[in-house]
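Chain residues, written in single-letter form:
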Amino acid sequence: MIDPKALRTATADVQANLARRGFDFDADAYLKLEEQRKTLQVETETLQSERNAHAKRIGQAKAKGEDIEPLLASVNTLGERLGAAEEKLKRVRQSLRDLELGLPNLLAADVPDGASEDDNVELRRWGEPPAFDFEPADHVAIGERLGLLDFDAAASMSGARFTVMRGELARLHRALIQFMLDVQTREHGYEEAYVPYLVHDTALLGTGQLPKFAADQFKTDADTPLYLIPTAEVPLTNLARDAIFKADELPQRLTAHTPCFRSEAGSHGQDTRGMIRQHQFEKVELVQLVHAEDSPAALEELTGHAETVLKRLELPYRVVTLCAGDTGFGATKTYDIEVWLPGQGKYREISSCSNYGDFQARRLKARVRSADTGKPELIHTLNGSGVAAGRALVAVLENYQLQDGGVRVPDVLQPFMGGVSRIG
RNA sequence: GGAGAGGUGGCUGAGUGGUCGAAAGCGCUCCCCUGCUAAGGGAGUAUACGUUAAUAGCGUAUCGAGGGUUCGAAUCCCUCCCUCUCCGCCA
């Protein structure tokens, strides 16, 4: 959520900022509701104060054994008036909250203008796309040729957007995950966590997937439904829920390997071939909980942590700054890392690293006690993929493919593969 | 799944309808005393919102969450979430 104070006092600025995303914030409707809220709150609190005073007087009278009938008579309409005021206030508050939960985050000042991914700005490139003296195949052809990637089997048991990996390919996938976790925990100071894959709606509300993106989530059919996590960002960031950290407990760096589940509603027809867009995929996630003033630097750092993985794997990539229109709902600023895929002849997203500012922290009540004032202040949260394992596997297959149909195993993965240096 | 107990402030733990945002202890902060250390004395110590120049006052809310009863609820009733004990089942 955006700071309600900012919504109230800097309404025009908020409106202009959100307009950069192409989001139309109805400021008049908001301010009107806010005005009602104020009036009703004062009215309600006055009546509550009156009720409390009466109740106290009755209590004192009763203690002294005095007759309380006249006092009871004096409050007989108060309860009704208070109830009505409270009811109205509750409704207005709910409307305000609904409105606030639907607002995307304010963009950082240095986010470039633009409407779609075509306007994203390339920041840097690393590595050279490999030159093949044959026509490079895509990962689907490579995997099926090896007999280790089976989309048909997956489709027969689960439908579209699932896959089955077998043998050395499944092992390579696991090796990627182990390698990434080792890099992030041993070299970058992240603490590894094992977390639930099913969470309450409140957890998704805290990180911003709900209420707006309910259609993207898988949900169990129970009396109190649970949601399959779309990313480990959800359980990891929820570790900060209701916390008031001591100043020296930040920053916190957390990582977890989890499966991720996405319904991919609204992406019919996109990336239907292969493993690029699946209902289920594995990812190593990076989350940082930091002091507010440190978050811009932390974003640069976290992005670098994801890049390290690709450098070690010797996979060519580029980093782009997402433009205003392409930046996600809760982010103030996002860098996408795109890896080179020879089979497609283009760079494709393999990691998305975002600074959420206080957007999630406000929903989660994640705070830190200020060293200066001693008062609790909202922390800033960041997250990024470090990196997506399924897509990393695709990148390895396509960049390391050999003319004979085999695939070379990247040097850094061989220790995780029992020394195996090629598949097929 | 069955039976029972319980969720109170940073922690332990009192409080079964009235002046309770909440005893007491621990911890923490500040001050005093003590020639070090240890011990002792005093004061303070939740969060959010509203009002405000104010992180001063004052008001409101919060004792797992949401409803209800009542002039008045931490305390009574209902629903849900969670924890613990015993039994069953189970990787």
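In the block above lies the structure referred to throughout.
Note that the structure is a prediction, hence the values are computed from the model and not measured.

### Observations concerning the overall build of chain A
When helices and strands are counted, chain A shows 13 helices and 17 strands. By the burial criterion, 49% of the 424 residues in chain A qualify as buried. Here the contacts in chain A between residues at least 6 apart in sequence split such that 73% fall between residues at least 24 apart. Surface exposure of chain A reaches about 20200 Å², of which carbon and sulfur atoms provide 49%.

### What about the sheet that holds strand 9 (residues 280-290)?
Reading across the sheet, the 8 strands line up as 1-10-11-12-15-9-8-4 and stay open at both edges, with mixed pairing between neighbours. In the strand order of this sheet, the two ends are held by strand 1 (121-126) and strand 4 (191-192), each with one partner. Note that strand 9 and strand 15 (residues 380-388) share 7 bridges and pair antiparallel. When the sheet's bridge partners are listed, V290 is paired in strand 15 with H380. The sheet contacts of helix 11 (residues 295-312) involve strand 1, strand 8 (252-261), strand 9, strand 10 (317-321), strand 11 (333-341), strand 12 (346-355) and strand 15, and relative to strand 15 the element is tilted by about 10°. Most of the contacts of helix 13 (residues 389-399) go to strand 15, to which it runs at about 35°, and overall it touches strand 9, strand 11, strand 12 and strand 15.

### Let's talk about the pattern of salt bridges
For the structure on display, the rule yields 21 salt bridges. Its salt-bridge partner being E122, residue R318 comes within 2.7 Å of it at the nearest N-O pair. In this pair, R318 sits in strand 10 while E122 sits in strand 1, placing the two residues 196 residues apart along the sequence. Judged by relative accessible area, E122 falls into the partly exposed class, the value being 32%.

### Quick notes on helix 11
Given a rise of 1.5 Å per residue, 18 residues ought to cover 26 Å, and the 26 Å separating the end C-alpha atoms of helix 11 matches this to within 8%. Of the residues making up helix 11, those classed as buried are S295, A298, L299, L302, T303, H305, A306, E307, T308, V309 and L310. Following helix 11 by one or two positions, E314 adopts a phi angle in the positive range, close to 55°.

### Description of the environment of V164
Along the chain, the position of V164 falls in strand 3 (residues 164-165). With a relative accessible area of 22%, V164 lands in the partly exposed category. Along the backbone, V164 and L99 are 65 residues apart, and their C-alpha atoms lie at a distance of 42 Å. Not counting chain neighbours up to four residues away, the residues in contact with V164 comprise L148, L149, D150, A153, A154 and M157.

### A short note on the pairing of strand 11
With 9 of 9 residues buried, strand 11 lies mostly within the body of the structure. Because side chains alternate across strand 11, one face comprises the buried residues K333, Y335, I337, V339 and L341, and the other comprises T334, D336, E338 and W340, equally buried.

### What about the protein's contact with RNA strand B?
Around RNA strand B, the surrounding shell holds 23 residues, and the nearest of these are R8, K38, Q41, Q48 and A55. Per the 4 Å cut-off to the protein, sugar and phosphate atoms form 66% of the nearby atoms of RNA strand B. Within the side chain of N52, a nitrogen or oxygen atom sits 3.3 Å from a phosphate oxygen of RNA strand B. In the environment of RNA strand B, a sugar or linking oxygen lies 3.2 Å from a nitrogen or oxygen atom belonging to the side chain of R367. The set of elements that each furnish at least two residues to the surface near RNA strand B consists of helix 3 (27-63) and strand 13 (367-369).

### A word on the nonpolar core
Formed by 52 residues in total, the largest nonpolar core has its most connected members in L172, L176, M180, L315, I337 and V387. The greatest single-element share of this core, amounting to 9 residues, is contributed by helix 8 (residues 167-187). When residues no more than four places from it in sequence are discounted, the contact partners of I337 are T303, A306, E307, L310, Y317, R318, V319, R348, E349, I350, S351 and C353. V287, A361, V368 and I379 belong to the second-largest nonpolar core, a separate cluster that totals 17 residues.

### Description of the packing of aromatic side chains
Using the criterion set out here, one finds 8 aromatic pairs in the structure. With 5.7 Å between their ring centres and 15° between their planes, W126 and Y317 make a pair best called stacked. Of this pair, W126 sits in strand 1 while Y317 is found in strand 10, placing the two residues 191 residues apart along the sequence. Relative to F416, the ring of F179 has its centre 6.3 Å away and its plane inclined at 70°; by these criteria the two rings are edge-to-face. Residue F179 is found in helix 8, and its partner F416 is found in the loop between strand 16 (407-408) and strand 17 (422-423); the two are separated by 237 residues along the sequence. Among the residues examined, F179 registers a relative accessible area of 6% and is labelled buried. Judged by its relative accessible area of 25%, F416 is partly exposed. One aromatic cluster in this structure is built from F213, F329 and F359.

### Topic: the packing of helix 8 against helix 13
Helices that pack against each other are described as a pair by the angle of their axes relative to one another and the distance between those axes. Relative to each other, helix 8 and helix 13 sit at 115°, their axes nearing to 10 Å. At the point where helix 8 passes helix 13, the crossing takes the right-handed sense. For the pair formed by helix 8 and helix 13, the contact residues are L169, L172, H173, L176, I177 and M180 on the first element and A389, G390, A392, L393, V396 and L397 on the second. Residues of the contact of helix 8 with helix 13, tallied by class, amount to 10 nonpolar, 2 polar and no charged.

### Details of the sheet that holds strand 7 (residues 244-245)
Strand order in the open sheet made by the 3 strands is 7-13-14, with mixed pairing throughout. Since the sheet does not close on itself, it has two edges, and those belong to strand 7 and strand 14 (376-378), each with one partner. Across 3 bridges, the pairing between strand 13 and strand 14 is antiparallel. Each bridged residue has a counterpart across the sheet, and for V368 the counterpart in strand 14 is E377.

What counts and how
Residues numbered from 1 in each chain as written. Chains lettered and ligands numbered in written order. Predicted model: local features only at pLDDT ≥ 70, side-chain atom pairs only at ≥ 80, totals over all residues. Heavy atoms only, no water. Helix = DSSP H or I, 4+ residues; strand = E, 2+ residues; numbered from the N terminus. Buried < 20%, exposed > 50% of the residue type's maximum accessible area, 1.4 Å probe, protein only. Contact = heavy atoms within 4.5 Å. Areas by Shrake-Rupley, 256 points an atom, 1.4 Å probe, with all protein chains shown as cover. Pairing = 2+ DSSP bridges. Axes fitted to C-alpha atoms, helices over the stretch in contact; angles between N-to-C directions. Salt bridge = Lys/Arg side-chain N within 4 Å of Asp/Glu carboxyl O. Expected span 1.5 Å × (residues − 1). Near = heavy atom within 4 Å. Polar contact = N/O pair within 3.5 Å; in protein donor to acceptor, adjacent residues only side chain to side chain. Core = buried A, V, L, I, M, F, W, Y, C linked by side-chain atoms within 4.5 Å. Phe/Tyr/Trp six-rings, centres within 6.5 Å; stacked < 30°, edge-to-face > 60°. Left-handed = near helix turned anticlockwise from the far one by under 90°. Nonpolar A, V, L, I, M, F, W, Y, C, P; charged D, E, K, R; others polar.

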